[in-house]
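Residues per chain are reported as follows:
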Amino acid sequence: IVLEYSMEGFNSNIGRLNHVAIAVPDIIIASEMWQKALGANVSKPQTLPEHGVKVVFIESPNTKVELLEPLNENSPISKFLIKNPNGGMHHICYEVSDLKSASKKLKEVGASILGDGNPKIGAHGNPVIFLQPSDFSGTLIELEEIK
Ligand code: CO
């Protein structure tokens, strides 16, 4: 069965899955495993000091995976790795066309946005917000505005 639907037909704020982010204690060891065991196409590590992480991108036909290693103990993923020393799924990121309307809808249903609630510039240079994991079954969701 092929389900055909359009964004217009549904009252949906989320578009395609942009990436799944996985926190890892060692990005070189993790990259090699994805390359060797899965034949994955893994990018060279990039350091993003303003986000406190080293990152590699693993492209697949419908989305990408980002492996994140913290740069130091102040990194936003350091605490996560203390709780999950072997690494683990950190967040998923959906594309949205309009963060303002997405934020409005979240507020209407009582869902919380992390931090001061205002968008920040994310790792891809686009505005992003992160949603309170306890509102979404313990999953951290990032919404990224794609023009
Ligand atoms: Co992300």
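Preceding this section is the structure that the text describes.
In this text, all values refer to a predicted model and were calculated from it rather than measured experimentally.

Reading guide: rules and limits
- Counting starts from 1 at the beginning of each chain's written sequence and moves along it residue by residue.
- Restriction of local features to residues with pLDDT of at least 70 applies here, the model being predicted, together with a cutoff of 80 or more for giving and counting side-chain atom pairs; totals for whole chains, interfaces and linings are based on all residues.
- Derived side-chain values reflect all non-hydrogen atoms in the structure, with water molecules and hydrogen atoms excluded from consideration.
- Segments assigned H or I by DSSP are reported as helices when at least four residues long, segments assigned E as strands when at least two residues long, and all are numbered from the N terminus.
- A helix is expected to reach a length of 1.5 Å times the quantity of its residues less one.
- A simple rule labels every residue: compare its accessible area, found with a 1.4 Å probe on the protein chains alone, to the largest value its type can have, and call it buried under 20%, exposed over 50%, or partly exposed in between.
- By definition, the arc is the one covered by directions from the helix axis to the C-beta atoms.
- In this description, contact between two residues means that some pair of their heavy atoms is separated by no more than 4.5 Å.
- Definition of a polar contact: a pair of N or O atoms within 3.5 Å, with one able to donate and the other able to accept a hydrogen when the atoms are protein atoms, and with sequence-neighbouring residues admitted only if both atoms are side-chain atoms.
- Water is absent from the atoms considered, so a metal site may look incomplete; donors are defined as N, O and S atoms within 2.8 Å of the metal, or 3.2 Å for Na, K and Ca.
- The pairing criterion is simple: DSSP has to find at least two bridges between the two strands.

**Q** Would you take a moment to explain helix α1 (residues 27–38) for this structure?
**A** Two residues of an α-helix separated by three or four positions point the same way, owing to the 3.6 residues in each turn. For α1, built from 12 residues, the straight-helix expectation of 16 Å at 1.5 Å per residue is met to within 8% by its first-to-last C-alpha distance of 16 Å. Turning to α1, its buried residues number three or more, namely I27, A30 and S31. Viewed end-on, α1 has its buried residues packed into an arc of 100 degrees, placing them on one side of the element. Facing away from the buried side of α1 by over 90 degrees, the exposed positions are I29, M33, K36 and A37. Looking at the packing, one finds that the buried side of α1 touches β2 (41–42), β4 (53–59) and β5 (64–70). Its side-chain oxygen placed 2.9 Å from the backbone nitrogen of I28, D26 serves as the N-cap of α1. Once α1 finishes, G39 follows within two positions and takes phi at roughly 65 degrees, a positive value.

**Q** It is not clear to me how the coordination of the cobalt ion should be interpreted in this structure. Could you clarify?
**A** Around a metal, the idealised angle for a tetrahedral arrangement of four donor atoms is 109.5 degrees; for an octahedral arrangement of six donor atoms it is 90 or 180 degrees. Protein ligation of the cobalt ion involves H19 (NE2), H91 (NE2) and E142 (OE), the donor distances falling in the range 2.0 to 2.2 Å. Sequence positions of the donors to the cobalt ion reduce to the motif H-x71-H-x50-E. Taken together, the residues H91 in strand β6 (residues 88–96) and E142 in strand β9 (residues 141–145) connect sequence positions 51 residues apart.

**Q** How should I be thinking about the pairing of β5 in this particular structure?
**A** Look at any regular strand and the pattern is simple: side chains alternate between the two faces of the sheet. Buried residues dominate β5, accounting for 7 of its 7 residues. What you see with β5 is no split at all: K64, E66, L68 and P70 on one side and V65, L67 and E69 on the other are buried throughout. In this structure, strand β1 (residues 17–23) lies alongside β5, joined through 5 bridges in parallel fashion. Considered in β5, the bridge of V20 is made with V65. One ladder, built from 7 bridges, connects β4 with β5; its direction is antiparallel.

Shape descriptors only; they carry no functional weight alone.
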